[in-house]
Amino acid sequence: MPELPEVETYRRIFERHALGKTVAGVSVRDAGVLDGVTPRALAAAVRGRRVREVTRHGKIVFADLSPGPALVLRFGMTGDLVPFEDGAVPRFARVLFRFAEGGGLAFTDMRKFGSIGLAPSSQAYLGERGVGPDALRAGAQAFVARAAARRAPIKAVLLDQALLAGVGNLYADEALFQAGVHPSTSAARLGPAGLRRLHAAVRRVLARAVANEAVWERLPSSWLLPVRESGPCPHCGGRLRRLRIGGRTSVFCPERQRRGR
DNA sequence: AGGTATGTTAATTG
DNA sequence: GCAATTAACATACC
């Protein structure tokens, strides 16, 4: 379940179980999730190294092994990090990390859209891939300027990781809902003021979700997220509508989020 | 049985 | 050449 708030909880899990520890071994159970490394090369690069720092940028977790490369963890649609003790390997485990001090972490991923790779550093990786600023740290200015130049539906623009890294389909819908913006509105049409308000909503939504460790049951009942599948609009009680935008499903309240084209 | 799914990205179209 | 859109990836579940 990985968007920025979920991935931040993964970062904390990795930190709790690996920070300061030495990697004793890496076991690749499905090489299909490796990105640009062979199982052998991954093990060679990581084994014997200490985890110095665990960071997150958007939906990506980096484990800094310096001196040495950074481990790059991406979770796709169904990735997760699950602590395990030997013997009890979690379901859908694709890669296992074991630590010299004891314990292990499993990278699980049912659909295998996630990946594990290596990079000289997190900065190098982000630069090469063109990942934009982290959605929780970025100021509004750059986002407003770049989004204003786009005519695509604002929903699609919010999902563009080059503009703002970390926003995914569900939290994008939540931010649009709270800002009262129709998902198919052209980004440019919102104007600087509208984009600024939307950016504030994105940050507020993500920060609140992180504070609640991305547990939906703890989110405010005024939010769209908990009732996204089933319920009526928590504000007006009306029926929620869904649209296909940029290949993803958008859920919104037609009453609260008026069409703006 | 068929449609859908929290993400990326190559390929295609405009 | 760039912005926008769509298909494809692999797998489980309702």
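Everything below is about the structure shown above.
Residues numbered from 1 in each chain as written. Chains lettered and ligands numbered in written order. Predicted model: local features only at pLDDT ≥ 70, side-chain atom pairs only at ≥ 80, totals over all residues. Heavy atoms only, no water.

**A few points about the packing of helix α4 (residues 140-147) against helix α7 (residues 187-211)**
Viewed as axis vectors pointing N to C, α4 and α7 meet at an angle of 165°, and their least axial separation amounts to 9 Å. As the angle between them shows, α4 and α7 are arranged roughly antiparallel. Viewed along their axes, α4 and α7 form a crossing whose handedness is right-handed. For the pair α4 and α7, the contacting residues are A140, F143, V144 and A147 in the first and A187, A188, P192, L195, R196 and H199 in the second. (Axes fitted to C-alpha atoms, helices over the stretch in contact; angles between N-to-C directions. Helix = DSSP H or I, 4+ residues; strand = E, 2+ residues; numbered from the N terminus. Parallel < 35°, antiparallel > 145°, perpendicular 65-115°, else oblique. Left-handed = near helix turned anticlockwise from the far one by under 90°. Contact = heavy atoms within 4.5 Å.)

**A closer look at the sheet that holds strand β8 (residues 115-119)**
The sheet built from 4 strands is open, its strands ordered β2-β3-β4-β8 with antiparallel pairing. For this open sheet the edge positions go to β2 (53-57) and β8, each flanked by a neighbour on one side alone. Averaged over all pairs of adjacent strands, the angle between their axes in this sheet comes to 25°, without regard to strand direction. Alignment of β2 against strand β3 (residues 60-64), held across 5 bridges, turns out to be antiparallel. Bridged to V54 within β3 is A63. Helix-sheet contacts for helix α2 (residues 39-46) involve β4 (70-74) and β8, and the interaxial angle to β8 is about 55°. The sheet strands contacting helix α3 (residues 122-129) are β2, β3, β4 and β8, and the helix crosses β3 at an angle near 145°. (Pairing = 2+ DSSP bridges.)

**Concerning the nonpolar core**
Counting residues in each nonpolar core, the largest one holds 34 residues, and the members touching the most others are F143, I154, L158, V167 and L198. Listed by contribution, the elements that provide at least two residues to this core are α4, α5 (154-158), α6 (169-179) and α7. Among the elements that line this core, the one with the most residues is α7, at 10 residues. Contacts of V167, omitting those with residues within four sequence positions, involve E3, K59, A135, L158, L159, Q161, A172, V202 and L206. By size, the runner-up hydrophobic cluster in this structure holds 27 residues, among which are V33, L34, L105 and I116. (Core = buried A, V, L, I, M, F, W, Y, C linked by side-chain atoms within 4.5 Å. Buried < 20%, exposed > 50% of the residue type's maximum accessible area, 1.4 Å probe, protein only.)

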